[in-house]
Amino acid sequence: MPEQVNKTPCCVGLLAHVDAGKTTLSEAMLYVSGARRKLGRVDHQDAFLDTHALERARGITIFSKQARLETSHRVVTLVDTPGHVDFSAEAERTLPILDCAILVISGTDGVQAHTLTLWRLLQRYQVPVFLFVNKMDLPGTDAEALLKQLREQLSPACVDFSAPGAEIAENAALCDEALLETYLETGTVTDGNLRSLVEKRKLFPCCFGSGLKLEGVAELLEILDRYAPEPKYPPEFGGKIHKISRDAQGVRLTWLKVTGGQLKVRSTVRYVNQKGEPREEKAVQLRLYSGDKFTAPEMIAAGQIAAVTGLSETWAGQTLGAEPRGQPYVLEPVMTYRVNLPAGADPALVLPKLRQLEEEDPQLHLLWENGQIHVQIMGRVQLEIFRSLVKERFGLDVTLTDQRIFYKETIENTVEGVGHFEPLRHYAEVHLLLEPLPRGKGLKFDTVCPTDVLDGNYQRLILTHLEEKAHRGVLTGAPITDMKITLLVGKAHLKHTEGGDFRQATYRAVRQGLMQAKSILLEPWYAFTLTMPTEQIGRAITDIRAMGGELEAPESRGALSTLKGLVPASEVKDYADTLAAYTQGRGRLQLTLHGYAPCHNADAVIAETGYDPEADLENTPDSVFCAHGAGFNVKWNRVPEYMHLESGLKTEKAPELITRNLRADDRELEKIMEREFGPIRRPQYGSSSNRPATEEVTIRTPRQKYILVDGYNIIFAWEDLAAQAKDDLDAARRQLCDALSSYAGFTKCRVVVVFDGYKQKGNPGEKHQDHNIQVVYTKEGETADAYIEALAHEIGQDYAVRVASSDGLVQLSSLGSGVLRMSARELREEVEAAREAMKRHYRA
């Protein structure tokens, strides 16, 4: 059917629990809209969207696919997703590209456990939802009771749109206070009002009908046409990738939705692969699919979904161009199996082939352990499909054995992890804060490290290294989760630091922190619903309790009873078969992944695993330091004794005794200070004017050292810089900044250089980062003295601050702010001493 350019593109997903009639409804929508002349059926194995032989043989949807249809005002891309719980991750991957979704519910079954999982996912991705209650042609269905169930278990904002218009308007107005006020004043609700509520997920239109009998389908299409959101797209190109697949010829397809601008054939696509490496490739061909057939347009506009060839390292969940990064996927497999290959097959050669399947289904995790291939799978049906795909694609008849639970680990307390990597001519140190997060939050990464301590490029590199690896816990070696890892501080070497150094330091910091923390072993738990004859409910309760499960009170409905609760995935095993046996096939078990929770038998699992974190050399918690021209290993528990940076945690340190002798020029300045400003009270020199100059006094050790440098004063106080300034003042500034940058890098001291700009008309002032020091040019009317005094006053109580200047007024201001003074000569001596120390270090 030819498209009309004035129609709005709309991407609509179809989601449902298994056997709700979702694919049948998609066939009905295609037929009623005129997109298909023949009505396909799942049981006849001719459904338009079940194109794969495995789908037609089993009568279920395994792979998400799309079809195109039109309504009065829209061009709809209909995305059919799997309904079976084993393939729910495939359904989740489509959610970020949807403008709205149709959630299909069986009129005979009502809201199921998997329905609730899908509802939570739709809420997570903020997808507007229309509900279609299917199979209403079958006996025993009750629309009124089903609508009540939808309102109780999903949302009170579920409104029956098959009701009279006035009733729809009244019920919709109750979903929004502002609209209710308007409705009470005018008595009307517009289509725009309803569309806005749907888009904001404040209203969920409901329809009742039968996909098989084509009942209510035309009404559903009309409601979709009138009330579906109408997204606005920016002019800059953006895209969301939701799937990777291969066509019958083996051509790699990147499925994406254009979310801004447009994508043309042969245009350049820039992206970063999963290793963090930039890539730049051409979009060789664009394909608009409907079923298993496609057209190849020259351009794809915003709002459309296309398959693109020519992109070799893209991945599902990736965003392109101006599209911001999306959320990580939630659903993941909980079982691990060993892949047994046929005789003569080399695992090292087979693994790259199987990686193609992992690329197409990111939740199908492949693991390489001790020369063997392991795979993580959602359930038994997916296991059988995996075997079939391997046979079909690669001609390998594999078996899967050695079923294991996929555990995870987290921490209970907050710790700081330190990693140092300094073999000869390498250098990096990283301090990370590890904090526990609530269950199900996954891993989050952040930085609070100032850029004057560690350059922003190095910080981004550290965050990349945190994200790129599946960091292992220290109890069983399982992946970590549910924690926030924050970069506190870090250090690089001006000459010897390379990118790989921070990778090593980052990995070691994570492990060193985990070794200190109190770790918790997590296991997957299922939410279950058991339906069985009432007389056998006692047997089920006993079984669940023996598994370590948690139960709600049973609900009885006539001859059948329902039991709900939570149970560890490790204990369920083949209980569905056991249930069928003792209920003579009348019992039914529904499982949906509830999430990870503390392991019910953690001690036994840890003991059985026998994991030694210190013997895992690929994930070592130890650090490498350098002395006498050679690197040496430092055990994780002794790293704080050797680390070069102070702890990044904001903890108070015990007071420290120091001895300070007042020099003659300091005492002279005191007299001037007293004459100009009155008596001086300085806790670091004592509170009594007759205290001996050498008396020990108690001060709090500062967390960081600062030197505030009066730039021009130092330039004209140092003879070589003063001579240079006569010919080229800018060159003199450059030489001073270079010398101070080297000094700061070697001594771990923060340096701020302040240059006077107060006499320059209209000068707004300027601050910038020059390598690892801060450079300030004061604004018109502000002297360097005033700026230094204000800054010293601001930070003098929390840091060990010295002011470098031979200007008496600056010295006085410094003392008044509670900081220490340093003359130009003393600064020169320290800079030269640091330079000599660096030379000795390099020679070593």
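Structure first, text after, so check above.
Residues numbered from 1 in each chain as written. Predicted model: local features only at pLDDT ≥ 70, side-chain atom pairs only at ≥ 80, totals over all residues. Heavy atoms only, no water.

**Q** Any chance you could explain the overall build of the chain here in plain terms?
**A** A tally of helices and strands in the chain yields 25 helices and 41 strands. Looking at the 844 residues of the chain, the share that counts as buried comes to 50%. Counting contacts in the chain only where the partners sit at least 6 residues apart, residues at least 24 apart contribute 71% of the total. Accessible surface computed for the chain: about 39,800 Å², of which carbon and sulfur atoms make up 49%. (Helix = DSSP H or I, 4+ residues; strand = E, 2+ residues; numbered from the N terminus. Buried < 20%, exposed > 50% of the residue type's maximum accessible area, 1.4 Å probe, protein only. Contact = heavy atoms within 4.5 Å. Areas by Shrake-Rupley, 256 points an atom, 1.4 Å probe, with all protein chains shown as cover.)

**Q** I would appreciate a short explanation of the packing of helix 21 (residues 719-727) against helix 22 (residues 729-747) in the present structure.
**A** Each pair of packed helices can be described by the angle between their axes along with the distance between the axes. At a minimum axis separation of 6 Å, helix 21 and helix 22 run at an interaxial angle of 150°. As far as their axial angle goes, helix 22 and helix 21 are roughly antiparallel. Side by side, helix 21 and helix 22 meet where Leu721, Gln724, Ala725 and Asp727 of the first sit next to Leu729, Ala731, Ala732, Gln735 and Leu736 of the second. (Axes fitted to C-alpha atoms, helices over the stretch in contact; angles between N-to-C directions. Parallel < 35°, antiparallel > 145°, perpendicular 65-115°, else oblique.)

**Q** Any chance you could explain the sheet that holds strand 38 (residues 766-770) here in plain terms?
**A** Two orientations exist for strands paired in a sheet by backbone hydrogen bonds: parallel and antiparallel. One open sheet accounts for six strands, arranged 38-39-37-36-40-41; its pairing is mixed. Of all strands in the sheet, those with a lone pairing partner are strand 38 and strand 41 (820-822), marking the two edges. Direction aside, the axes of adjacent strands within the sheet are offset by 20° on average. When strand 40 (residues 800-804) meets strand 41, the two strands line up parallel, connected through three bridges. Bridge assignment links valine 803 to a residue of strand 41, and that residue is arginine 821. The sheet contacts of helix 22 involve strand 36 (705-710), strand 37 (750-755), strand 38, strand 39 (773-777) and strand 40, and relative to strand 37 the element is tilted by about 165°. Along the sheet, helix 23 (residues 784-795) contacts strand 36, strand 37, strand 38, strand 39 and strand 40; its crossing angle with strand 36, the most-contacted strand, is approximately 170°. (Pairing = 2+ DSSP bridges.)

**Q** For this particular structure, what's the right way to read the packing of aromatic side chains?
**A** We describe a pair of aromatic rings using the distance from one ring centre to the other and the angle between the two ring planes. Counting across every chain of the model gives eleven aromatic pairs. Aromatic side chains phenylalanine 632 and tyrosine 642 sit 5.8 Å apart centroid to centroid with 65° between the ring planes, which places their arrangement in the edge-to-face category. In this pair, phenylalanine 632 sits in strand 33 (residues 630-634) while tyrosine 642 sits in helix 18 (residues 639-642), placing the two residues ten residues apart along the sequence. Relative accessible area serves as the criterion here: at 28%, phenylalanine 632 is assigned to the partly exposed category. Clustering of aromatic rings is evident, with ring pairs tying together Trp255, Tyr289 and Phe294. Seen from the ring of tryptophan 255, lysine 243 lies directly overhead, with NZ or CZ sitting 4.4 Å from the centre. (Phe/Tyr/Trp six-rings, centres within 6.5 Å; stacked < 30°, edge-to-face > 60°. Lys NZ or Arg CZ within 6 Å of the ring centre and 35° of its normal.)

**Q** In this structure, what is going on with a nonpolar patch on the surface? I would like to understand it.
**A** Residues Tyr31, Val32 and Leu214 make up a contiguous nonpolar surface patch of roughly 210 Å² in combined accessible area. Tracing the chain through its elements places valine 32 in helix 1 (residues 22-32). Residue class for valine 32 comes out partly exposed when judged on its relative accessible area of 34%. (Patch = residues over 30% accessible without salt bridge, like charges linked within 9 Å, V, L, I, M, F, W, Y side chains within 5 Å. Salt bridge = Lys/Arg side-chain N within 4 Å of Asp/Glu carboxyl O.)

**Q** Is there a simple way to explain helix 21 in this structure?
**A** Structural remark: α-helix, 3.6 residues per turn; residues separated by three or four positions point the same way. Inspection of helix 21 places Leu721, Ala722 and Ala725 among the buried residues, and these make up the whole buried set. Buried residues of helix 21, seen end-on, are gathered within an arc of 100° and therefore sit on one face of the element. Exposed and oriented more than 90 degrees from the buried face of helix 21 are Glu719, Lys726 and Asp727. Check the buried side of helix 21 and you find it contacts helix 20 (711-717) and helix 22. (Arc of directions from axis to C-beta.)

**Q** Sorry, what's going on with helix 22 here?
**A** Taking 1.5 Å of rise per residue, 19 residues should cover 27 Å, and helix 22 covers 27 Å from first to last C-alpha, within 8% of that figure. Taken together, the buried positions of helix 22 are Ala732, Arg733, Leu736, Cys737, Ala739, Leu740, Ser741, Tyr743 and Ala744. Capping the start of helix 22 is the job of one residue whose side-chain oxygen sits 3.2 Å from the backbone nitrogen of aspartate 730: aspartate 728. Taken from the residues just after helix 22, lysine 748 is the one with a positive phi, measuring 65°. (Expected span 1.5 Å × (residues − 1). Polar contact = N/O pair within 3.5 Å; in protein donor to acceptor, adjacent residues only side chain to side chain.)

**Q** What's the story with the pairing of strand 22 (residues 408-411) in this structure? I'm lost.
**A** Remember that side chains alternate between the two faces of the sheet whenever the strand is regular. Along strand 22, one buried face is formed by Lys408 and Thr410 and the opposite face, lined by Glu409 and Ile411, is buried too. In this sheet, strand 27 (residues 519-533) lies alongside strand 22 in antiparallel orientation, the contact comprising four bridges. By the bridge assignment for strand 27, threonine 410 is matched with isoleucine 520.

**Q** Which parts of the structure should I look at to understand the environment of lysine 726?
**A** Checked against the element boundaries, lysine 726 lands in helix 21. For lysine 726, a relative accessible area of 74% corresponds to the exposed category. Each C-alpha atom of the pair lysine 726 and phenylalanine 716 lies 9.6 Å from the other, and the pair is ten residues apart in sequence.

**Q** I tried to follow the sheet that holds strand 16 (residues 305-309) on my own but got confused; where do I start?
**A** Taken in spatial order, the six strands line up as 14-13-16-9-8-17 in an open sheet, and their pairing is antiparallel. The sheet is open, and its two borders are formed by strand 14 (293-295) and strand 17 (319-321), each paired with just one other strand. With strand direction ignored, the average angle separating the axes of adjacent strands in the sheet is 40°. One ladder, built from four bridges, connects strand 9 (residues 252-260) with strand 16; its direction is antiparallel. Each residue of the ladder has a partner; that of leucine 256, found in strand 16, is alanine 306. The strands that helix 10 (residues 347-360) touches are strand 8 (238-246) and strand 9; relative to strand 8, the one it contacts most, it runs at about 140°.

**Q** Can you walk me through the packing of helix 6 (residues 165-173) against helix 7 (residues 177-186) in this structure?
**A** Running from N to C, helix 6 and helix 7 point in directions that differ by 135°, and their axes come no closer than 8 Å. Classed by the angle they form, the pair helix 6 and helix 7 counts as oblique. Between helix 6 and helix 7, the residues in contact are Ala166, Ala169, Glu170, Ala172 and Ala173 and Leu179, Leu180 and Tyr183, respectively. Residue composition of the contact of helix 6 with helix 7, grouped by class: seven nonpolar, no polar and one charged. (Nonpolar A, V, L, I, M, F, W, Y, C, P; charged D, E, K, R; others polar.)

**Q** When you look at unusual backbone geometry in this model, what are you seeing that I'm missing?
**A** For residues that are not glycine, phi is negative in most cases, and the peptide bond is trans in most cases. A positive phi angle, close to 60°, is found at arginine 201, a residue other than glycine. Relative to the helices and strands, arginine 201 resides in the loop between helix 8 (191-199) and strand 7 (204-208).

**Q** Could you clarify how one ought to interpret the pattern of salt bridges in this entry?
**A** Oppositely charged side chains may form a pair once their charged atoms are brought near each other. Going through the model one piece at a time under the given rule, you end up with 37 salt bridges. Of the charged contacts, one joins arginine 828 and aspartate 720 as a salt bridge, the two residues approaching to 3.1 Å between their closest N and O atoms. Taken together, the positions of arginine 828 in helix 25 (residues 824-843) and aspartate 720 in helix 21 put the pair 108 residues apart, joining distant regions of the chain. Glutamate 830 is the partner of arginine 802 in a salt bridge, and the nearest nitrogen-oxygen pair spans 2.8 Å. One end of the pair, arginine 802, is in strand 40; the other, glutamate 830, is in helix 25, and 28 residues separate them in sequence. Judged by relative accessible area, arginine 802 falls into the partly exposed class, the value being 23%. Taken together, the shared-partner salt bridges in this structure form one network comprising Arg246, Arg252, Glu359, Glu360 and Arg393.

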